[in-house]
Amino acid sequence: MFRINLEKSAICLLLLLLLKSESLPATASNGDRTQFYHNCRQNCERTNCSADGLEIQEQAISFYGQTIFDRIFGWNCADECSYGCMWRTVFAFMERGWPIPQFYGKWPFLRLFGMQEPASVIFSIANFVMHFRMLRKFRESVRSDSPCYMLGHIFGLVCLNGWIWSAIFHTRDFPITELLDYAFAYSIVLCSFYCMLMRMLHRYSLFLRGVITLACVSYYINYFAYLSTGKFNYSFNMKVNIATGVLNAVGWFVWCQRVRYRRPYYKRILRFYVLFALAMSLELLDFPPILWILDAHSLWHLATVPLVPLYYDFLIEDCQTLLKEKEMTGSYSYFNKDI
Ligand SMILES: [Zn+2]
């Protein structure tokens, strides 16, 4: 009963997220729309920047005091003006007792070591490290001739790649880093769905699995192409992510239901998806960053770190169990559709 309720609440949370996707970042926000911000930027660029806005004029160099990190991460003069004027606008709002404004769909964040959203960068790296360690554990614990051995690797590598791009995007938000973060974040969601399908069908013919693999890969290439052309549609992208995630979770819930007596370790994957949906609820929150650093999105990246081992521990136990079954039956029948 408790389990069914948890599943329902997980699905409800995902639906709430779907509704929220209607109100995702617009290009302009109340902070950057003000005349105050606009004038500040214009004056700053005219006084301190070269004509192309890239170089800081001689007399302003010491004022900005750029660190080596700022230069490495490409903070040019116009960016410095935007950043400085963002804070001036925020303080002007605060002096008047107005709520903290957003700028271009984002809260104001304190820049640390050249990183635009330092907390999200650090937590993305933490996710990367956790996947790296768990993939190593998977390789140490699972024999290479186990069924689904490759799936663990595909999932691990896709996640490692996704978290690298998440860290890069949160370090510096450019159109290209944004595209790659969103595109590779979806690759993780789609890969989880693919792994679920392949796990369910692992006893089916290589031909069927090959066709599904090809379909997933070509669908992903198509989606990547869609994201990279034209203006980014946040709301649509969020819906596609949630729809794929829901299909994936429903697939696993059905599996858990079917194998609950035979495979007691089903609880691991169930626990993972329920906790994952709860962690996702952080994305529903929207508040100005605590200490100008910790916002809801960074907390969502933090929340996924301890969930990573749950997924891999399930994969490890599942692969080990499937190997035992394979050795016991002696042969590997394609027509044995027992999941
Ligand atoms: Zn992120």
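- Going by an unreviewed UniProt entry, the protein carries the name Post-GPI attachment to proteins factor 3 and comes from Drosophila virilis.
- Its UniProt record gives the protein a comment under Function (unreviewed entry), which states: "Involved in the lipid remodeling steps of GPI-anchor maturation."
- Quoted straight from UniProt, the Sequence similarities (unreviewed entry) entry for the protein says "Belongs to the PGAP3 family."

1. Looking at the overall build of the protein
Item 1. Each helix and strand in the protein was counted, giving 13 helices and zero strands.
Item 2. Of the regular secondary structure in the protein, the N- to C-terminal order runs α-α-α-α-α-α-α-α-α-α-α-α-α.
Item 3. Residue burial in the protein is summarised as follows: out of 339 residues, 47% are buried.
Item 4. Taking all contacts inside the protein whose residues are at least 6 apart in sequence as the whole, residues at least 24 apart take part in 74%.
Item 5. Carbon and sulfur atoms make up 67% of the accessible area of the protein, which amounts to about 17700 Å² in all.

2. Regarding the state of the cysteines
Item 1. What the rule picks out here adds up to three disulfides.
Item 2. Sequence-ordered numbering of the bonded cysteines in the protein yields a pairing of 1-6, 2-5, 3-4.
Item 3. You can see cysteine 159 has no disulfide; the closest cysteine sulfur is in cysteine 191, sitting 6.4 Å from it.
Item 4. Considering cysteine sulfurs only, cysteine 195 is the nearest to cysteine 191, which forms no disulfide, with 4.1 Å between them.
Item 5. Classification of cysteine 191 by relative accessible area gives buried; the value is 7%.

3. Details of the confidence of the model for the protein
A low pLDDT means the predicted coordinates there should not be read in detail.
Item 1. Averaged over every residue, the pLDDT of the protein is 87; residues scoring 70 or more account for 88%.
Item 2. Under a pLDDT of 50 for its full length, residues 9–13 has, in the predicted model, seven contacts with residues more than four places off or in other chains.
Item 3. For the stretch residues 15–26, pLDDT sits under 50, and the model shows 23 contacts to residues farther than four places along the chain or on other chains.

4. Considerations on the nonpolar core
The tendency in soluble globular proteins is for nonpolar side chains to be buried side by side.
Item 1. One finds Phe138, Trp252, Trp255, Ile269, Tyr273, Tyr311 and Tyr312 to be the most contacted residues of the largest nonpolar core, which totals 62 residues.
Item 2. Mapped by element, the contributors of at least two residues to this core are helix H6 (118–141), helix H7 (149–171), helix H8 (175–200), helix H9 (206–228), helix H10 (234–259), helix H11 (266–280) and helix H13 (308–329).
Item 3. Looking at this core, the element that brings in the most residues is H8, giving 14 residues.
Item 4. The residues contacting phenylalanine 138, other than those within four sequence positions of it, are Cys148, Tyr149, Gly152, His153, Tyr312, Leu315, Ile316 and Cys319.
Item 5. Counting 15 residues, the second largest nonpolar core, distinct from the first, contains Cys40, Cys49, Cys85 and Trp87.

5. Here we look at the packing of H7 against helix H12 (residues 296–304)
Item 1. For the pair H7 and H12, interaxial distance at closest approach is 13 Å and the crossing angle is 155°. Comparing the axis directions of H7 and H12 gives the class roughly antiparallel. The hand of the H7/H12 crossing is left-handed. Across the interface between the two elements, Trp163, Ser166 and His170 from H7 touch His297, His301 and Thr304 from H12.
Item 2. Here the residues of the contact of H7 with H12 are counted per class, giving one nonpolar, five polar and no charged.

6. Topic: the pattern of salt bridges
Item 1. Under the criterion given, the structure shown has 13 salt bridges.
Item 2. A salt bridge links lysine 137 to aspartate 313, with the shortest nitrogen-to-oxygen separation between them at 2.9 Å. Taken as a pair, lysine 137 in helix H6 and aspartate 313 in helix H13 lie far apart in primary sequence, 176 residues in all.
Item 3. For lysine 137, a relative accessible area of 34% corresponds to the partly exposed category.
Item 4. Within the structure, one salt-bridge network assembled from shared partners comprises Asp70, Glu80 and Arg111.

7. Observations concerning the coordination of the zinc ion
Ideal donor angles around a metal are set by the shape: a four-donor tetrahedron calls for 109.5 degrees, a six-donor octahedron for 90 or 180 degrees.
Item 1. Coordination of the zinc ion by the protein is provided by His170 (NE2), His297 (NE2) and His301 (NE2), with metal-donor distances spanning 2.0 to 2.1 Å.
Item 2. Motif for the zinc ion, donor spacing along one chain: H-x126-H-x3-H. Placement of both histidine 297 and histidine 301 in helix H12 is noted, with a separation of four residues, approximately one turn of the helix.
Item 3. Residue classification places histidine 297 among the partly exposed positions, given a relative accessible area of 24%.

8. Details of the UniProt feature "transmembrane region" (unreviewed entry) in the protein
Item 1. UniProt annotation of "transmembrane region" (unreviewed entry) refers to residues 118–135, 147–168, 180–197, 206–226, 238–257 and 269–293 when read in the numbering used here.
Item 2. Span residues 147–168 is 91% helix and 0% strand, its end C-alpha atoms 35 Å apart.
Item 3. Spanning residues 180–197, this segment combines 100% helix with 0% strand, and its end C-alpha atoms are found 25 Å apart.

Analysis parameters
Residues numbered from 1 in each chain as written. Predicted model: local features only at pLDDT ≥ 70, side-chain atom pairs only at ≥ 80, totals over all residues. Heavy atoms only, no water. UniProt positions renumbered as here; feature names shortened; annotations may be inferred. Helix = DSSP H or I, 4+ residues; strand = E, 2+ residues; numbered from the N terminus. Buried < 20%, exposed > 50% of the residue type's maximum accessible area, 1.4 Å probe, protein only. Contact = heavy atoms within 4.5 Å. Areas by Shrake-Rupley, 256 points an atom, 1.4 Å probe, with all protein chains shown as cover. Disulfide = S-S within 2.5 Å. pLDDT = per-residue confidence, 0-100. Core = buried A, V, L, I, M, F, W, Y, C linked by side-chain atoms within 4.5 Å. Axes fitted to C-alpha atoms, helices over the stretch in contact; angles between N-to-C directions. Parallel < 35°, antiparallel > 145°, perpendicular 65-115°, else oblique. Left-handed = near helix turned anticlockwise from the far one by under 90°. Nonpolar A, V, L, I, M, F, W, Y, C, P; charged D, E, K, R; others polar. Salt bridge = Lys/Arg side-chain N within 4 Å of Asp/Glu carboxyl O. Donors = N, O, S within 2.8 Å, 3.2 Å for Na, K, Ca; no water.

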